[in-house]
Amino acid sequence: MSVKVRFAPSPTGKLHVGNVRTALVNWLFAKGQGGTFVLRIDDTDLARSTKESEDNIEIDLKWLGLEWDERYNQSKRFDRYEAAAEKLKADGRLYACYETSEELDRRRKVQLSRGQPPIYDRAALSLTDEEKAALDAEGRRPHWRFKLEGKRVSWEDLARGHCEVDTASMSDPVLIREDGLFLYTLPSVVDDIDMEISHIIRGEDHVTNTGTQLEIFEALGAKLPGFAHMPLLVGADGSALSKRIGSMAIIDMRADGYEPLAITSHLGKIGTSDALEAAPSLQALGEGFSFSKMGRSPARYDEADLGRLNAQVLHALTYEQAKPRLEALDVDLGESFWEAVKPNLNRFNEVADLAKIVTGPVTPVIEDPAFAAAALEVLPEVIEAGAWSAWTAAVKEKTGAKGKALFMPLRLALTGQPHGPDMAALAPLIGREAIVARLKGRAG
Ligand code: GLU
C-alpha cells in the first residue's frame, strides 16, 4: 500500500508548536516510506478562515522544510460534501433536526437531573413528513445529524495500539449546521476517501472523532485508513502546556532566532525513545522516525531543550551553509572567523556582536596597564595561527602570571569582554595593529 498522509490545518490563526508537530510527524512518516504528504486547508468555515492565515501556514511550513506534494482547499470541494450528504440522507444515516439550542439544553438538564447521560434523544427521527414540511413552511431550517450505529468501533492505532470507542455513548453528531455550514467531520472523511489517504495522523484529542468518522467511512462504502493518534504536548514539568508556550507561534519563534531544524528535531523526538539531539537534516530525522518509538506517554515540550538543540544546529553549520546568512548580516569575515565563533552561538544573529571583536569597535578593559605594556613588548611580529600560544608563553615568562591571571587581562584588553570565542583563533583575525592599539587602551 502506498503511504499518503495529510496535514489539515484550519486557517483561522497562526501555526503553533502543537499543530506543527502534527504536520511534522505526518511529513516524517510519509518521507520515511517514500510516501506523499498532502496539505489540506480546512476552510469550510468561510467566516472564520482567512487568506492571511492560509498564506502564513504555507510560509511557516516551507521555512520548516515541510514541503507538500499535493495541496487542496476544502472551500473548493463543497459539491463533493453535498454529494456525500445526499447519499447519507438517502440511506437514512443523515437526518433533519429542528431543535433549537435552548431546547437541547433544557433536555440535557432534565437527563442529567435524572442521572442519565446527556445524549441526544433522537426525537427528530420520529418527525413525520408532514411535521417536517410544516416546520419548513414556518421558515425553520434544520441541522443534520449523522445516525450512529451505536457500537464498539475499534482500530489498531499505530501510536496507541488497540483502540475502542463506544459510539452508543455519544450523541449523533451534527454534520451540517442549520445555516448550511459543513462542520469538519464529514468533509474530512470525504477528502480522506477522495484523496486516498492511507493514514490519518493527528493528536489524541481526535480519538472520539475517529469513532464517528470510522462509521462515516463505512456508511460511504469506503476502505478504512490506518490511524495514529499522538500523545499531546505537555510542558517541561509534565503539566499541560501553559497558554504561552502552547500557543507559541512558529512565526514568533522564527523572530526569536530559532533554527527550523532545532524546532523539527525537538518536535520530532519528544515523546519518542530517541535521545533528544539535533538531527543532521530533516531527511535524517525522517529516516529515523518510527511510531514504534512513540509510546503513550506525553511529549514534553521544553524550551531549555529547544535552546540546547538550537545551539547544536548552529555549531554544526558549515561555512558554506552559513555564508549567505553571514552576508545578509554583513559580517562574512571568512571561514576561520565562522569556525572560531560558531561554538559560542545560541542564536545565529549573535554572530553580529562577535564580529565586532574583529572589526571593532571594542572598548578595551585594562585593569593593570603595566601588565598590558609587558604583554605588548613580547607580542610576536606576525600574528598567525600558533601566535597566541607563543605570545601567552612569552607573557607568562615575562610577568610570572599564569592561568586566569594570564588569560583574562589579555581577553579583556583585546575584546572588552570576560567571555567569548577561543582567543587563539580570534587573535589572527583581530590582527597585530588592532591588538597593539587595544593593549594601549585605545578604543576602536
Ligand atoms: N482541521 C482539523 C483540525 O485542525 C483537522 C483534524 C484532522 O487531522 O482530521 O483539528
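Thresholds, definitions, all that
- Residues numbered from 1 in each chain as written.
- Predicted model: local features only at pLDDT ≥ 70, side-chain atom pairs only at ≥ 80, totals over all residues.
- Heavy atoms only, no water.
- Helix = DSSP H or I, 4+ residues; strand = E, 2+ residues; numbered from the N terminus.
- Buried < 20%, exposed > 50% of the residue type's maximum accessible area, 1.4 Å probe, protein only.
- Contact = heavy atoms within 4.5 Å.
- Near = heavy atom within 4 Å.
- Polar contact = N/O pair within 3.5 Å; in protein donor to acceptor, adjacent residues only side chain to side chain.
- Areas by Shrake-Rupley, 256 points an atom, 1.4 Å probe, with all protein chains shown as cover.
- Phe/Tyr/Trp six-rings, centres within 6.5 Å; stacked < 30°, edge-to-face > 60°.
- Salt bridge = Lys/Arg side-chain N within 4 Å of Asp/Glu carboxyl O.
- 1 Å grid on protein atoms, 1.4 Å probe; cavity = no way out; pocket = protein on both sides within 12 Å on 5 of 7 lines; lining within 4 Å.
- Points joined across faces, edges and corners; volume = space filled by probe spheres on them.
- Nonpolar A, V, L, I, M, F, W, Y, C, P; charged D, E, K, R; others polar.
- Pairing = 2+ DSSP bridges.
- Axes fitted to C-alpha atoms, helices over the stretch in contact; angles between N-to-C directions.
- Lys, Arg positive; Asp, Glu negative; His and termini not counted.

**Q** I would appreciate a short explanation of the environment of Gly268 in the present structure.
**A** Position of Gly268 among the secondary structure elements: in helix α10 (residues 260–269). Judged by its relative accessible area of 6%, Gly268 is buried. Excluding residues that lie within four positions of it along the chain, Gly268 makes contacts with Leu24, Leu28 and Phe289.

**Q** I'm lost on the site of the ligand in this one. Help?
**A** Neighbouring the ligand are the residues Arg6, Ala8, Ser10, Asp42, Tyr184, Ser188, Arg202 and His206. Contact distances for the ligand include 2.6 Å between a nitrogen atom and a side-chain N or O atom of Asp42. At 2.5 Å from an oxygen atom of the ligand is found a side-chain nitrogen or oxygen belonging to Tyr184. Expressed as a share of its isolated accessible area of 300 Å², the protein-covered part of the ligand is 77%.

**Q** I would appreciate a short explanation of the packing of aromatic side chains in the present structure.
**A** As enumerated under the stated definition, the model contains nine aromatic pairs in all. Taking the centre distance of 5.4 Å and the plane angle of 55 degrees together, the rings of Phe29 and Phe291 count as tilted. Of the two residues, Phe29 sits in helix α1 (residues 17–32) while Phe291 sits in the loop between α11 (282–288) and β12 (299–300), which places them 262 residues apart along the sequence. By the burial criterion, Phe29 is buried, and Phe291 matches it. Taking the centre distance of 6.5 Å and the plane angle of 25 degrees together, the rings of Phe78 and Phe182 count as stacked. With Phe78 in helix α3 (residues 78–90) and Phe182 in the loop between β8 (174–176) and α6 (185–194), the pair connects residues that are 104 residues apart, well separated along the chain.

**Q** Looking at this structure, I do not really get the pattern of salt bridges. What am I missing?
**A** Two side chains that carry opposite charge are able to pair once their charged atoms sit near each other. As enumerated under the stated definition, the model contains 40 salt bridges in all. Close ionic contact of Lys151 with Glu149 constitutes a salt bridge, the shortest N to O distance being 3.5 Å. The shortest N-O distance in the salt bridge between Lys293 and Asp274 comes to 3.3 Å. Here Lys293, found in the loop between α11 and β12, pairs with Asp274, found in the loop between α10 and α11; they are 19 residues apart in sequence, far enough to count as distant. Overall, Lys293 belongs to the partly exposed group, its relative accessible area being 25%. A relative accessible area of 27% places Asp274 in the partly exposed class. In this structure, a network of salt bridges that share partners links the residues Arg6, Arg40, Asp42, Arg77, Arg80, Asp191, Asp192 and Asp194.

**Q** How do you make sense of the layout of surface pockets when you look at a structure like this?
**A** Any space left empty among the atoms is revealed by the rolling of a water-sized probe across them. The calculated volume of the largest pocket comes to roughly 850 Å³. The wall of the largest pocket is formed by 38 residues, among which Ala8, Ser10, Asn19, Asp205 and His206 lie closest to the centre. At four residues, α1 tops the list of elements feeding residues into the lining of the largest pocket. Within the lining of the largest pocket, the residues separate by chemical class into 15 nonpolar, 13 polar and 10 charged. Of the voids in this model, the second largest pocket is the one considered here, and its volume is about 470 Å³. Glu259, Pro260, Val313, Leu317 and Arg325 are the residues nearest the centre of the second largest pocket, which is lined by 22 residues in total. Every element with two or more residues in the lining of the second largest pocket is listed here: α9 (250–255), α10, α12 (303–315) and α13 (319–328). Among the elements that take part in the lining of the second largest pocket, α13 stands out by supplying three residues, more than any other. Residue classes in the lining of the second largest pocket are distributed as 14 nonpolar, four polar and four charged.

**Q** Would you take a moment to explain the sheet that holds strand β4 (residues 94–97) for this structure?
**A** Sheet strands pair via backbone hydrogen bonds, and the direction of the pair is either parallel or antiparallel. What the three strands build is an open sheet, ordered β4-β5-β8; its pairing is antiparallel. The open sheet terminates on both sides in strands that have one partner only, identified here as β4 and β8. On average, each strand axis in the sheet is inclined to that of its neighbour by 45 degrees, with strand direction left out of account. As judged from the two bridges shared by strand β5 (residues 143–146) and β8, these two strands associate in the antiparallel manner.

**Q** What's the story with the side chain of Arg21 in this structure? I'm lost.
**A** If you trace the backbone, Arg21 turns up in helix α1. No salt bridge is formed by the buried Arg21; its nearest oppositely charged neighbour, Glu204, is found at 8.5 Å. Ignoring anything within four residues of it in the chain, the contact list for Arg21 reads Met230, Pro231, Leu232, Leu233, Leu267, Ile270, Met294 and Ala299.

**Q** How do you make sense of the sheet that holds strand β2 (residues 36–41) when you look at a structure like this?
**A** If you trace the three strands from one edge of the open sheet to the other, you get β1-β2-β3, paired in parallel fashion. What marks the edges here is a single partner per strand, and that holds for β1 (4–7) and β3 (70–73). Ignoring strand direction, the axes of neighbouring strands in this sheet form an average angle of 25 degrees. Both β2 and β3 contribute to a ladder of four bridges, which runs parallel. Looking at the pairing, Leu39 lines up with Arg71 of β3.

Read these as spatial facts, not as claims about activity.
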